[in-house]
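What follows is each chain in one-letter form.
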Amino acid sequence: MIENRNHTIYRGPNIWARLPVIRVTTDIGELEDRPTNKIPGFYEALTELVPSLYEHVCSVGRPGGFLQRMREGTWMGHVLEHLTLELQNLAGAEVSRGKTRSTGEKGVYNVVFAYEQEDVGLAALDVATRTLNHLIYGSEPGFDFQKALEDDVIRVAERLAYGPSTGAIVSEAMRREIPVIRLDPRRSLVQLGHGRYQQRIWATVTSRTSDIAVDTAANKELTNRLLLEVGIPVPRARTVRTVDQAAVEARRIGYPVVLKPLDGNHGRGVCINLKDEEEVREFYAVAESESRNGVVVVETYIPGKDYRILVVNNQIVAVAERVPAHVIGDGVHDIQTLIELTNQDPRRGVGHEKVLTRISIDEQTIETLERQELTLTDVPARDQVVPLKRTGNMSTGGTSIDRTDDIHPDNEEIARQAAMVVGLDIAGIDFIVPDISRSIRQTGGAIVEVNAGPGFRMHTHPTEGHPRHVGRAVIDMLFPPGSPSRVPIVAVTGTNGKTTTVRMIAHIMKTAGKRVGMTTTDGIYVDGIQIMSGDMSGPTSAKMVLKNPTINYAVLETARGGILRSGLGFDRCDIAVVTNVAGDHLGQHGIDSLSDLARVKGVVPQSVFRDGRSVLNADDEHVVEMARYARGEIIYFSVDEENPVIREHLRARGRAVILRKINAGEMITIIEHRRETSLLLASQIPATFEGRLRVNVLNAMAAAAAALADDVQLEHIRTALKTFSTSYFQTPGRFNQLDHNGRRFVMDYCHNLAGLQAMADFVGRMEAPRVLGMISMPGDRLDADLAAFGTLAGVTFDELIVREDTNTRGRERGEIATRLKSAAMEAGLSDERVHIVLDEKEAVEAAFKLSQKDDLVVLMVDKPAQSWEQLNALTGHFFAD
């Protein structure tokens with residue numbers, strides 16, 4: 001049997017593709033050595049069941065290519081990929097990208113496929129798996145492929161798909177590369193754009209739609225009066241609360257009349273062409289039942305055709321003639337059968353899920369037929385048109401004819417003014433006239449309603465005539481030409497230095513006047529204020545920042561784990577920064593080598609806009625290799641001005657940030673098109689401990705290069721770096737320093753070998769007479785990594801306190817500490833100088849008690865806030881900075 005072990009949903013660019021995909025680990029079981037051409041009858045059965053697989057080009061590059069691969073023999077994981085894609089296509093999605101790769105375990109594959117809606121992709125995967133198991137093993141007797149497709153995939157797709165109106169706006173936004181974030185997956189609330197530039201839509205109500213205007217449009221009596229007061233033709237109308245009042249007002253107005261709820265919508269409760277008091281009394285309850293406050297409007301019946309005029313931003317965008325739901329007789333079938341046949345049109349669905357709505361048989365249908373002296377069992381003559389509803393609303397099964405090119409200029413101007421009087425940015429004007437191509441001044445007629453949140457179906461998918469791309473007008477209104485929709489995004493990845501580099505860049509941008517949203521492993525910050533704590537370096541946190549309506553700049557720490565679990569939280573970034581690639585988290589999620597790890601982190605520079613910038617560490621060979629596929633301009637940074645990569649890059653008139661040795665020290669220097677600019681001395685940056693902390697020198701250069709990539713003024717960069725320190729409140733858990741009675745304590749979140757190497761370099765440059773270290777390492781690292789870490793700690797520190805994180809990530813309590821101690825002792829430390837204190841709080845206290853005057857004490861912590869508070873209490877500083 002084919003079994004799917006687990007799946008991972010990637011909602012943004014990822015190691016598999018630029019688009020959202022689902023990866024499933026599939027075990028093909030007994031078929032591990034049997035390609036498709038070795039399974040009798042399989043090819044014929046599958047192609048008969050799903051003939052549309054012929055359209056798949058696969059690696060052959062032409063229609064029928066996948067079928068050719070099946071005939072020649074391909075693996076079942078590959079078949080599962082294509083079948084899952086095709087089932088989504090049959091449900092209305094447009095997806096074609098997929099990959100199938102072996103995992104190294106025999107018969108087990110990573111199957112990757114694109115999706116538009118997560119739930120639809122997973123449903124298609126389930127039905128595809130069941131289908132293959134049925135065809136090969138007969139695992140589900142009586143399995144009905146068509147029923148499974150319709151019930152388990154298509155219905156899910158219809159439930160989750162954007163409605164026609166929302167879809168029209170969203171598709172136009174995507175065409176213009178405006179970011180789209182669905183805020184509620186089961187409704188039509190959508191964010192377009194990022195940060196302060198975002199706009200929201202809920203179907204066709206926008207963030208610019210006036211609440212006053214919506215309430216005005218909902219009050220038909222008020223709308224009628226406002227239009228009348230500016231000379232726009234409207235029916236005579238009165239509001240009533242009882243049937244007797246309705247009869248009186250109908251006599252005053254004059255028959256025929258219309259009854260409708262004061263605050264109704266979608267044509268519900270509207271009763272038209274009532275010719276006498278008897279009909280008014282008969283249908284009053286219908287109108288009253290649809291009124292939320294019990295108020296009914298009695299108005300003059302205006303004869304003519306029903307037109308809907310769509311006004312967006314005070315401009316006419318589309319016009320449609322609305323035809324009430326009807327059937328056309330064939331002289332054979334009765335009316336009920338004709339309705340059933342009409343509803344079989346694949347364009348018709350329930351509610352607004354499709355371009356047309358199925359015609360329901362309800363009281364309105366029966367009443368409309370009775371007025372024609374017909375019943376559901378009558379057989380209309382051939383070509384006889386039988387109306388079934390009182391109004392032409394699409395929601396009751398009506399159809400539409402595009403009349404955009406026919407509207408008379410007078411009618412166009414009147415409709416435009418009506419939308420402006422009510423104050424709607426998007427308005428549906430219901431116009432009743434004999435002929436929209438003739439002036440209402442000549443033919444008579446009136447505006448009978450002004451609607452907020454009008455549907456677009458009749459315009460985007462008219463039953464007759466040309467479809468109108470009305471979403472363009474909405475996007476033009478929300479994002480006028482030249483206006484931004486995105487905030488600049490700087491995405492920072494790498495093994496070490498990400499958090500500090502992110503903070504440095506954010507500090508530079510804040511100094512330059514930006515309101516920055518920032519994600520780090522410490523939390524989410526907006527304009528320097530922490531709004532959430534914890535490891536927030538994944539895609540969900542990135543989206544939280546991009547949803548924030550106050551920011552105009554985003555600096556996002558983009559960690560390996562988030563990319564592997566879910567991809568990126570954005571589609572494109574303006575600037576990518578890669579600090580380095582070093583051994584960490586190897587042996588997890590299929591990442592077993594530095595090359596694998598570099599491929600993961602390389603997703604970030606691959607996601608840069610073509611006119612963006614990729615900032616790369618020229619001193620790291622794995623990062624340099626990313627220049628082959630990184631997008632945008634490459635800007636290197638390096639502490640070695642003689643680095644051949646830098647020299648070649650500069651010869652090609654590229655830009656770089658280097659560390660140049662001068663008499664006064666080491667100068668961070670910007671080189672642009674062979675022109676050099678001295679930025680500042682490394683020793684002038686407080687976070688570098690007068691240049692001793694080399695990792696922060698490198699981080700500062702990366703930050704400067706990112707700022708250079710965004711054309712930030714040099715003075716802003718200098719000022720920001722000169723005021724950036726490693727204080728706890730500026731960089732919590734990153735080389736925070738506290739001095740007490742001649743002892744210097746340094747607290748840092750050092751958790752891998754590359755980090756310890758940087759720490760060892762720092763310790764050596766500090767030239768302290770004695771150095772104590774409190775160390776640990778996460779339990780999910782390889783045994784070899786633990787040994788290397790312990791060995792380096794043994795030669796770096798004079799005395800060690802070995803602790804463990806609360807979460808040992810699958811190892812027995814005490815195992816990590818024991819391995820680290822053993823490695824440190826093999827490196828030369830004696831048993832009495834390596835102390836195991838597992839609890840972090842107790843380990844901090846032990847380090848404090850062991851410390852002496854002139855000692856340098858390095859505390860590698862997992863809980864920076866707790867340890868900093870404890871350290872301040874022990875030293876009596878009480879959270880001193």
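So, a few notes on the structure that sits alongside this text. Every chain is numbered independently, its residues counted from 1 as its sequence is written. Note on the predicted model: pLDDT of at least 70 is required for a residue's local features to be given, and 80 or more for side-chain atom pairs to be given and counted; whole-chain, interface and lining totals, by contrast, use all residues. Excluding hydrogens and water, the side-chain values take into account all heavy atoms of the structure.

### Looking at the pairing of strand β26 (residues 553-557)
Thought 1: Relative accessibility decides the category of a residue: with a 1.4 Å probe and only protein chains considered, values under 20% of the type maximum give buried, values over 50% give exposed, and everything between is partly exposed. Only DSSP runs of H or I reaching four residues or more are called helices, and only runs of E reaching two or more are called strands; each is numbered from the N terminus. Of all five residues that make up β26, five are buried, and the element is covered over most of its length.
Thought 2: The two faces of β26 match: Tyr-553, Val-555 and Glu-557 on one face and Ala-554 and Leu-556 on the other face are all buried.
Thought 3: By definition, two strands form a pair when at least two bridges between them are found by DSSP. Where strand β22 (residues 489-493) and β26 come together, four bridges link them in parallel fashion. Within the sheet, the bridge partner assigned to Ile-489 lies in β26 and is Ala-554.

### Here we look at a nonpolar patch on the surface
Thought 1: Distance thresholds for patches are 9 Å for like charges and 5 Å for nonpolar side chains (Val, Leu, Ile, Met, Phe, Trp, Tyr), applied to residues having over 30% relative accessible area and no salt bridge. What sets the accessible areas is the Shrake-Rupley method with a 1.4 Å probe; for residues, cover comes only from the shown protein chains. A side-chain nitrogen of Lys or Arg and a carboxyl oxygen of Asp or Glu constitute a salt bridge if their distance falls within 4 Å. Among the surface-exposed residues, Ile-529, Ile-531, Met-532 and Met-544 lie close enough to one another that they form a single nonpolar patch of about 360 Å² accessible area.
Thought 2: Residue contributions to the nonpolar patch peak at three residues, all from strand β25 (residues 529-533).

### Here's the deal with the packing of helix α6 (residues 164-175) against helix α16 (residues 470-478)
Thought 1: Contact pair α6 / α16: the axes reach a minimum separation of 8 Å and the direction vectors enclose 65°. The handedness of the crossing between α6 and α16 comes out as right-handed. Note on element contacts: α16 touches α6 through Gly-471, Arg-472, Val-474 and Ile-475, opposite Ala-168, Ile-169, Glu-172, Ala-173 and Arg-175.
Thought 2: Residues belonging to the contact of α6 with α16 are distributed by class as follows: five nonpolar, one polar and three charged. To obtain an axis, a line is fitted to C-alpha atoms, over the contacting stretch when the element is a helix, and the angle between two such axes runs from 0 to 180 degrees between their N-to-C directions. By convention, the crossing between two helices is left-handed when the near helix turns anticlockwise from the far helix through less than a right angle, and right-handed when the turn is clockwise. Only heavy atoms matter for contacts: two residues are in contact if any of them lie within 4.5 Å across the pair. Gly is put with the polar residues, along with every residue not named as nonpolar or charged; the nonpolar set is Ala, Val, Leu, Ile, Met, Phe, Trp, Tyr, Cys and Pro, and the charged set is Asp, Glu, Lys and Arg.

### Concerning the sheet that holds strand β9 (residues 237-240)
Thought 1: As summarised here, the arrangement of the four strands in space is β9-β12-β10-β11, forming an open sheet in which the pairing is antiparallel. The sheet is open, and its two edges are formed by β9 and β11 (271-274), each paired on a single side. Across this sheet, the average inter-strand angle for adjacent strands is 20°, counted without regard to direction.
Thought 2: The pairing of β9 with strand β12 (residues 296-300) spans four bridges and is antiparallel.

### Here we look at the side chain of Gln-730
Thought 1: Relative to the assigned elements, Gln-730 resides in the loop between α25 (714-722) and β33 (736-740).
Thought 2: By relative accessible area, Gln-730 is classed as buried at 18%.
Thought 3: The term polar contact refers here to a pair of N or O atoms within 3.5 Å; inside protein, the definition further demands a hydrogen-donor-capable atom paired with an acceptor-capable atom, and it admits residues adjacent in sequence only when both atoms are side-chain atoms. A distance of 2.8 Å separates a polar side-chain atom of Gln-730 from the backbone nitrogen of Ser-725.
Thought 4: Not counting chain neighbours up to four residues away, the residues in contact with Gln-730 comprise Arg-503, His-507, Thr-723, Phe-724 and Ser-725.

### Considerations on the packing of aromatic side chains
Thought 1: The criterion for an aromatic pair is that two Phe, Tyr or Trp rings (for Trp, the six-membered ring) have centres within 6.5 Å, with stacked assigned to planes under 30 degrees apart, edge-to-face to planes over 60 apart and tilted to the rest. Tallied over the full model, the rule gives five aromatic pairs.
Thought 2: Seen from their ring centres, Phe-689 and Phe-762 are 5.1 Å apart, and the 65° between their planes marks the pair as edge-to-face. Of the two residues, Phe-689 is situated in the loop between β32 (675-681) and α24 (694-709) and Phe-762 in helix α26 (residues 753-766); the sequence distance between them amounts to 73 residues. Of the two residues examined, Phe-689 and Phe-762, each falls in the buried class.
Thought 3: Here the aromatic rings of Tyr-728 and Trp-868 are separated by 5.3 Å at their centres, their planes lie at 5°, and the arrangement is stacked. One end of the pair, Tyr-728, is in the loop between α25 and β33; the other, Trp-868, is in helix α30 (residues 864-875), with 140 residues separating them in the sequence. Residues Tyr-728 and Trp-868 agree in their burial class; the two are buried.

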